[in-house]
Amino acid sequence: MIQFKIDDTLCIRCGECATDCPAGIIAMNDTPEITNEQGCFKCLHCYAVCPTGALSILGNNPDSEVSLADQLPHAEKVSNLIRWRRSVRRYKDENLTPELIDELLQTACHAPTGVNAREVLFTVVRDKAFMEKLSKELMERLSTVAAAGNLPEGFLGQYLALVVEVWKTEGRDIILKGAPHMILTSAPKTAPCPVQDTHIALATFELAAASHGIGTLWDGLFMMALAVCPDLVEQLGIPSDHSIGYAMLFGKPAVKYHRVAKRGPAQVNYLG
């Protein structure tokens, strides 16, 4: 049951809920009515678009909500945040608070998904001690694979060979980079858009983190390492029926960038 209810004393019969319903399952009779509960995407468009707060659905009641409309940042601030964000490869040796990590995750889970599937799983390392243990295991395993001559051919093997060389000669892990935290996104392979959903969720997490001054890095080297050590996926608790989107390091930066590095101009293919 989707618990679709209309407060007849508040409904002005504007029809916005029916017009804006992506699934097309709201009909305007005397008041709005659901024609097919099974077809509901659970997107809450009807709830959000109602101008008088007459509609409640899926346990969401306008009486218990606080409007955030007057708290939205100016467009220029959002643009500046996107331009200011940089990939961070140097981190302070300290954990973020669990409360801050949870806040970032509760924000990132609002990222859009195909057909509003909302099946993205966030696998998060919250303690730097776990990262240190993972780093040691990962470097030892890659070193063993390299010593046996079993690294893959091509650029993948070349990059991982460099990882092993730096570890052996300098004692540095250039995959996890001493970051205190990591997040991986995954989604069931049966989801409508599993890869796209996981990337969008991670990009949303990254911008939320940047707004708190938290550094992030899309970790392609870790994704390469997973290709060589696929059983790590199970060790990390990621379901076997999931597609992994990507991995991201995050934590307090141990570096400060003082100005925006300008990009562009954008490459654009205008039509019309």
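Notes on the structure follow. Everything numeric here is computed off the predicted structure, so don't read it as measured data.

## Digging into the layout of surface pockets
Volume-wise, the largest pocket comes out at about 580 Å³. Around the largest pocket, the lining comprises 16 residues; the ones closest to its centre are Leu44, Tyr47, Ala48, Asn60 and Glu65. Split into classes, the residues belonging to the lining of the largest pocket amount to ten nonpolar, four polar and two charged.

## Looking at a nonpolar patch on the surface
Residues Val78, Ile82 and Leu207 make up a contiguous nonpolar surface patch of roughly 220 Å² in combined accessible area. Position of Val78 relative to the elements: it lies in helix α3 (residues 75-84).

## Regarding the nonpolar core
Side chains of nonpolar character tend, in soluble globular proteins, to be buried together. Grouped together as the largest cluster of nonpolar side chains are 37 residues, with contacts concentrated most on Leu142, Ile175, Met182 and Phe222. When residues of this core are traced back to their parent elements, those giving at least two are α5 (128-147), α6 (154-170), β6 (181-188), α8 (220-228), α9 (232-235) and β8 (242-251). With seven residues, the single largest contributor to this core is α8. Dropping the residues within four chain positions of it, Ile175 is found in contact with Leu138, Met139, Leu142, Val163, Asp219, Leu221, Phe222, Ala225 and Leu249.

## Side note on α5
Compared with the 28 Å implied by 1.5 Å per residue over 20 residues, the 28 Å span of α5 between its first and last C-alpha is a close match. When we look at burial in α5, the residues that qualify are Met131, Leu134, Ser135, Leu138, Met139, Leu142, Ser143 and Val145. The buried residues of α5 occupy an angular sector of 160 degrees when projected down its axis, which confines them to one face. For α5, the exposed residues lying more than 90 degrees away from the buried face are Lys133, Thr144 and Ala147. Against the buried residues of α5 lie β5 (121-125), α6, β6, α8, α9 and β8. Sitting at the head of α5, Asp127 places a side-chain oxygen 2.9 Å from the backbone nitrogen of Ala129. Looking at the residues trailing α5, positive phi occurs at Gly149, about 70 degrees.

Each value, and the rule that gives it
- Residues numbered from 1 in each chain as written.
- Predicted model: local features only at pLDDT ≥ 70, side-chain atom pairs only at ≥ 80, totals over all residues.
- Heavy atoms only, no water.
- 1 Å grid on protein atoms, 1.4 Å probe; cavity = no way out; pocket = protein on both sides within 12 Å on 5 of 7 lines; lining within 4 Å.
- Points joined across faces, edges and corners; volume = space filled by probe spheres on them.
- Nonpolar A, V, L, I, M, F, W, Y, C, P; charged D, E, K, R; others polar.
- Patch = residues over 30% accessible without salt bridge, like charges linked within 9 Å, V, L, I, M, F, W, Y side chains within 5 Å.
- Areas by Shrake-Rupley, 256 points an atom, 1.4 Å probe, with all protein chains shown as cover.
- Salt bridge = Lys/Arg side-chain N within 4 Å of Asp/Glu carboxyl O.
- Helix = DSSP H or I, 4+ residues; strand = E, 2+ residues; numbered from the N terminus.
- Core = buried A, V, L, I, M, F, W, Y, C linked by side-chain atoms within 4.5 Å.
- Buried < 20%, exposed > 50% of the residue type's maximum accessible area, 1.4 Å probe, protein only.
- Contact = heavy atoms within 4.5 Å.
- Expected span 1.5 Å × (residues − 1).
- Arc of directions from axis to C-beta.
- Polar contact = N/O pair within 3.5 Å; in protein donor to acceptor, adjacent residues only side chain to side chain.

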